Structures are given as structure tokens and as C-alpha cells.
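# Analysis of the macromolecular model
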Amino acid sequence: MAATFFGEVVKAPCRAGTEDEDEEEEGRRETPEDREVRRQLARKREVRLLRRQTKTSLEVSLLEKYPCSKFIIAIGNNAVAFLSSFVMNSGVWEEVGCAKLWNEWCRTTDAIHLSPAEAFCVFYHLKSNPSVFGSCPRKNMQITILTSRHVTDYKTSESTGSLPSPFLKALKTQNFKDPVCCSLLEQPNIVHDLPAAVLSYCQVWKIPAVLYLCYTDVMKLDLITVEAFKPILSSRTLKGLVKNIPQSTEILKKLMTTNEIQSNIYT
Amino acid sequence: MASRYDRAITVFSPDGHLFQVEYAQEAVKKGSTAVGIRGTNIVVLGVEKKSVAKLQDERTVRKICALDDHVCMAFAGLTADARVVINRARVECQSHKLTVEDPVTVEYITRFIATLKQKYTQSNGRRPFGISALIVGFDDDGIPRLYQTDPSGTYHAWKANAIGRSAKTVREFLEKNYTEDVIANDNEAIKLAIRALLEVVQSGGKNIELAIIRRNQPLKMFSAKEIELQVTEIEKEKEEAERKKSKKSM
């Protein structure tokens, strides 16, 4: 790709040569070295489940012993902040384990000895009501996914300046019968990455699931974005779990101040 | 379509957009909130102070800057761009005074800044300034003024406006609460600015900075104590209003 003087982007023709049949054959011959490198990469990319404190690995069968009726997953720092200050602060949540994984885009070079701070996903379950967590799809399980996205990804015929950001949109699977707490995501908008994968999985396996997507213009941890998730507190899933809202707001404020990144580019 | 027409500033897209200018307006939204209010005898500028790193000297992180004795401005967006614009505006103010022997009018300096910004949307190889500015002051005729400029180089006069993060929320608050009675009283105008900021500021009074200009008086920056006093007064008034409401409903 190359930019021209007039601002159009044109695909530059490749000068490295055309794709000859000879070249393809050479590339296909794999040396034992290549095979070894590939095997090591595959090992590094394995997803590992373990207990954080003891660093021992968690058997998947151990997870299966926790039956689950509600599974809530938060993706992205604003959704996680909402969950940890509003939901996890009411009641005692016990950490069950965490998942660690690595691929070539990760910045850490040592994949075997990842520190506990680099877990990508931590699993918690409610001590008083252990039915709230689980890993395998079970009957009567309901899944709630929370995530956020930049408002410039939202396609609409109105101008983006007039959108009341941040705002909440929902997307649900066919089996989800409860009322949603906000309007549904309209066409032609689509969901990406992990939330889309989870929702698709639930749709295929007929698990009732709902995704709450917050469109915001601040992607870093922000009080107003986290508060935009508040309508979800009235949903059937979270109603029983959230008790102390004023205290949650205090915890949220503390989270904000400890996590503030210093940047002098924008004032 | 957007990706083919947003690499160079000098290109219109087929549907008439200048994408670089629109992206510059997104950069403005990354700056913290600034609010400006034009009262009858006072103009007020309030900003959300960015939190300063522990070892950083607070005095060098300013969002409200004087352009001359009778004009000041607050900006939102790229810090470095703002520094360049402010320097040019300050030089222009003094140059005008020396040439014409009169201080600039608020409209003149706003037009100068807006023209500067527009030049950068039409120049080869340059990008627009990523800042919006709120410019306030009193002219020689004693009339208060508030102007807002944006990265495209347009400027408009406003009675009250907000720029930066959550500007929409603040503007809606101002639309509901800006009345002729409020702005006739200096203290009420100051309180309106602080109340508008408290809607979106994350940790209350200690993250607010305020500046006012009264007719025939120089710019006055409020100290942290003075702002705290105003904030406690506002909270008292809020409690009073809520008590009255609950009495009525009972």
C-alpha cells in the first residue's frame, strides 16, 4: 500500500517477483527445525487454568463441580470496573482460579513463568450462593456479557456529535426471554472479538445469553462510562446480587484515582 | 470510503467531508471539560483540572490562559497545539495595541485564532489544530463576550457553552439552568459554572479551576479555598432544595 500525492491510497504492484510454481515447492519442504519451532509455539499458546495463590494448575473437572445458573463476564476495563465495584463488592466473592494464555501479540517474552498479575481472566464465585459460576454449559444457565466500544464504531444516520454518549445497547440470543434493560443494537452495527464469540457459542448451544455493549467516547477507565452500565442493575440477573449502591460508587471513585494514567498530550 | 480520503488534509471525500477536521474534533473530546458563561456584568471560565503527577509542578499545567489584560481563554484538546495558538494570539494582541493604540476586541482576537486554524485545514502537508477554545472578555464598550472556536476554524458567540469531554452533558445542564436572573447576579453566574462542572467532574471541588473577569477589572483566578467555599455553598443549597422537595411530597 502506498499513499499518493493526492491522498488516495493505491495498492503498489509487488516487485519481488510473481508467484512461481518453483517458489511454492521450495516453501513447502519443512525442515525438522521448522517442526520443532512450531511445536514450541503450540506449547506456548496453550491456555492454562490455574489457582493464583498456589500457582498449581486447575483441573477442568474441578471447575465442573461448581454448577452454575448465572455466568457474568466483563470484557474491557470499564466493564470490569463496573462489575468489581457494583457486583463484587456486595457479598463475598471467592477467587476460584484464573486463565493464562499467550500468543505472538503479547508483550511478555517469557510465557512459562507469567506472574500472577498477568492473568487474562480471573474466575470468581459467590461464597453464599455457589451456583453463580461455572465453566461448562448447563441447563438453566444464563450468561450476561458486559463490554464497551468506541462510539465512532457505531454506524448511524445521525451525526455522531448528537449521540448521547455513553449509551447502552443490547444483543441477545434466541433463548433469552427476559426483558433487556436498554434498546437493542440496530443494523448494520456488529459485535467483534470475544463478546461476539461468546454470544455465537451461546446461540449455537441454545443458552440464553445477553450482551450489553456500552458505546463511549473515552476508552480508558472513566467514571461516566462505568455509570452508563447502571441500568443493568435492575435486570433479573443482577438484581439479587447488588446490595450497596452508595458504597459501590465510593469504591468506583477510589478505583479511578488509583488507576489514573498520567498523559500530558491532551489537556 | 473514509480510509481512502483521510490520509491527506487537502482532500474532500465524495460526500463532502474533510475527515481530518472531523478527527481533530475527536481529539478535542479527549481533553477535560471547560465551561464558559457570559453574565451581565461578569464572564466566567471554569475547567476540570487534570490530575497532576506527584513530581510535577502544578503551575505549569494550566488550561486557562490570559491573552491580554482584558481577554482570556480556556482550551480543550492537544496541549502542544494550544501552546502554539496561545503564543500567536498573545503576540497579535500586543502587535495590535502597538499599531492601532487600542486593545483588541474579543471578536478580533477570536477571528484571528479562527483564521489561523482555518489556514491549517487548507495547507499542504499540515494537519488541523486539535483544540477548541472558549474566549471571554470585555470590550471597551463594556459589553461582555464569549466566543467558541473549533478545529475547523469556525467561531460563534455564545451565552454559555462547554467543550471537551462530556461537553454535551454540561451543555444540556446549562440549557436547563441558564436564566436571565441567574446571570444578572455575579455570584449566581459563578455558582452556575461550578454546578455545571460538578455534573461531570470526577472528584468534586478540588479538581476545578475557575477564572472570572468583571467589567473594568483584570482577570481573577480563584484559589482552591475560594472554590471549596463555593462548592460547600452549592451543596448546602442542594440539601435545602431536597429537604423542601421531601416536605412537599409528604
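Residue indices begin from 1 for each chain and proceed along its sequence in written order. Working convention: letters from A go to chains and numbers from 1 go to ligands, in the order in which they are written. Residue-level local features of this predicted model are given only where pLDDT is at least 70; pairs of side-chain atoms are given and counted only at 80 or more, and the full residue set underlies all totals for whole chains, interfaces and linings. Side-chain numbers here rest on the full set of heavy atoms in the structure, without hydrogens or water.

Attention now moves to the pairing of strand β9 (residues 208-214) of chain B. Residue and element names in this part refer to chain B. Working definition: with a 1.4 Å probe on protein chains only, accessible area under 20% of the residue-type maximum means buried, over 50% means exposed, and in between means partly exposed. Helical segments are the DSSP runs of H or I of at least four residues, strand segments are the runs of E of at least two, and each set is numbered from the N terminus. Among the 7 residues in β9, 6 count as buried, and that is most of the element. Bridging between strand β2 (residues 42-48) and β9 involves 7 bridges; their strand directions are antiparallel. Its bridge partner lying in β9, V47 is registered against E209. Once β9 ends, the chain turns through 5 residues before running back antiparallel as strand β10 (residues 220-221), passing N216 with a positive phi of about 60°. Two strands are counted as paired when DSSP detects at least two bridges linking them.

Below, the discussion takes up the UniProt feature "coiled-coil region" (unreviewed entry) in chain B. UniProt positions are given in the numbering used here, feature names are shortened, and annotations may be inferred rather than shown by experiment. Taking the UniProt record as the reference, the feature "coiled-coil region" (unreviewed entry) is found at residues 222-249 of chain B. Secondary structure content for residues 222-249 of chain B is 93% helix and 0% strand, while the C-alpha to C-alpha distance between its ends is 39 Å.

In this description, an aromatic ring pair is defined by two values, namely the gap between the centres and the angle between the planes. Aromatic rings from Phe, Tyr and Trp, with only the six-membered ring used for Trp, were paired whenever their centres fell within 6.5 Å, and each pair was classed as stacked if the ring planes differed by under 30 degrees, edge-to-face if by over 60, and tilted otherwise. By the definition in use, this model includes 9 aromatic pairs over all chains. Measuring from ring centre to ring centre gives 4.5 Å for B:Y120 and B:F129, while their planes differ by 45°; the resulting arrangement is tilted. Here the two residues B:Y120 and B:F129 agree in accessibility, since each one is buried. A connected cluster of aromatic rings, assembled from ring pairs, spans A:F82, A:F86 and A:F229. Two thresholds decide whether a charge sits over a ring: the Lys NZ or Arg CZ must be within 6 Å of the ring centre and within 35 degrees of the ring normal. Over the face of the ring belonging to B:F75 we find B:K63, whose NZ or CZ atom lies 5.7 Å from the ring centre. Geometry around B:Y120 places B:R126 over its ring, the cationic atom sitting 4.6 Å from the centre.

Turning our attention to unusual backbone geometry. Residues and elements named next belong to chain A. The omega torsion of the bond from Q187 to P188 falls at -5°, within 30 degrees of zero and hence cis. Along the chain, P188 turns up in the loop between β8 (167-172) and α5 (193-204). The phi dihedral of K206 is positive, around 60°, even though this residue is not glycine. When you line up the elements, K206 lands in the loop between α5 and β9 (209-216). According to the relative accessible area criterion, K206 is exposed, its value standing at 59%.

Attention now goes to the environment of B:T33. All names here are of chain B. Looking at the secondary structure, you find T33 in the loop between α2 (19-28) and β1 (34-38). Along the backbone, T33 and E188 are 155 residues apart, and their C-alpha atoms lie at a distance of 20 Å. Residues count as neighbours in contact if any of their non-hydrogen atoms are within 4.5 Å of one another. Excluding residues that lie within four positions of it along the chain, T33 makes contacts with G46, V47, E48, K63, I163, G164, R165, V170, L197 and V200. A polar side-chain atom of T33 sits 2.7 Å from the main-chain carbonyl oxygen of R165. Whenever two N or O atoms come within 3.5 Å, that pair is a polar contact, provided that in protein one can donate a hydrogen and the other can accept it, and provided that, for residues adjacent in sequence, both atoms are side-chain atoms.

Once that is clear, we can look at the side chain of A:T144. Residues and elements named next belong to chain A. Looking at the secondary structure, you find T144 in strand β7 (residues 142-150). A relative accessible area of 3% means that T144 is categorised as buried. In contact with T144, other than residues within four places in its own chain, are F71, I72, I73, V210, Y212 and T237.

You can read pLDDT as the predictor saying how much it trusts each residue, on a scale of 0 to 100. On average, residues of chain B score 90 in pLDDT, and 96% of them are at 70 or above. We note a pTM of 0.73 for the whole complex and an ipTM of 0.81 for its interfaces.

Let us now look at the packing of helix α3 (residues 79-100) of chain B against helix α4 (residues 106-119) of chain B. Residue and element names in this part refer to chain B. To obtain an axis, a line is fitted to C-alpha atoms, over the contacting stretch when the element is a helix, and the angle between two such axes runs from 0 to 180 degrees between their N-to-C directions. Interaxial distance between α3 and α4 falls to 10 Å at its minimum, and their mutual angle equals 135°. As judged from the angle between their axes, α3 and α4 are oblique. The crossing of α3 and α4 is right-handed. On α4, the residues touching V85, R88, A89, E92, C93 and H96 of α3 are Y108, I109, F112, I113 and L116. The residue classification treats Ala, Val, Leu, Ile, Met, Phe, Trp, Tyr, Cys and Pro as nonpolar and Asp, Glu, Lys and Arg as charged. All others, Gly included, are polar. Split by residue class, the contact of α3 with α4 holds 8 nonpolar, 1 polar and 2 charged. Reported orientations rely on four angle classes, namely roughly parallel under 35 degrees, roughly antiparallel over 145, roughly perpendicular from 65 to 115, and oblique for the rest. Definitions for this section: a left-handed crossing has its near helix turned counterclockwise from the far helix by less than a right angle. A right-handed crossing has that turn clockwise.

Right, let's talk about the environment of B:A241 for a bit. Along the polypeptide, B:A241 turns up in helix α8 (residues 224-249). Take B:A241: its relative accessible area is 45%, and that puts it in the partly exposed class.

Right, let's talk about the pattern of salt bridges for a bit. Residues and elements named next belong to chain B. A carboxyl oxygen of Asp or Glu within 4 Å of a side-chain nitrogen of Lys or Arg is what we treat as a salt bridge. On inspection of all chains with the given rule, the structure shows 18 salt bridges over all chains. A salt bridge links D186 to R214; the shortest N-O distance between them is 2.9 Å. Of the two residues, D186 sits in helix α7 (residues 186-198) while R214 sits in strand β9, which places them 28 residues apart along the sequence. Its salt-bridge partner being E226, residue K220 comes within 3.0 Å of it at the nearest N-O pair. Linked by salt bridges that have partners in common, E188, K191, E233 and E237 make up one network.

Below, the discussion takes up the nonpolar core. Ranked by internal contacts, the top residues of the largest apolar core, which has 29 residues, are B:V35, B:I37, B:V44, B:L174, B:I190 and B:L210. Put simply, the parts of the chain that give this core at least two residues each are β1, β2, β8 (160-163), α5 (167-177), α6 (180-184), α7, β9 and α8 of chain B. When residues of this core are assigned to their parent elements, the largest contribution, 7 residues, is made by α7(B). B:I190 has contacts with B:I42, B:V44, B:L210, B:I212, B:F222 and B:Q230, leaving out every residue within four places of it along the chain. What we call a nonpolar core is a set of buried Ala, Val, Leu, Ile, Met, Phe, Trp, Tyr and Cys residues that are connected through their side-chain atoms within 4.5 Å. With 28 residues, the next largest nonpolar core counts A:F176, A:C182, A:L223 and A:M256 among its residues.

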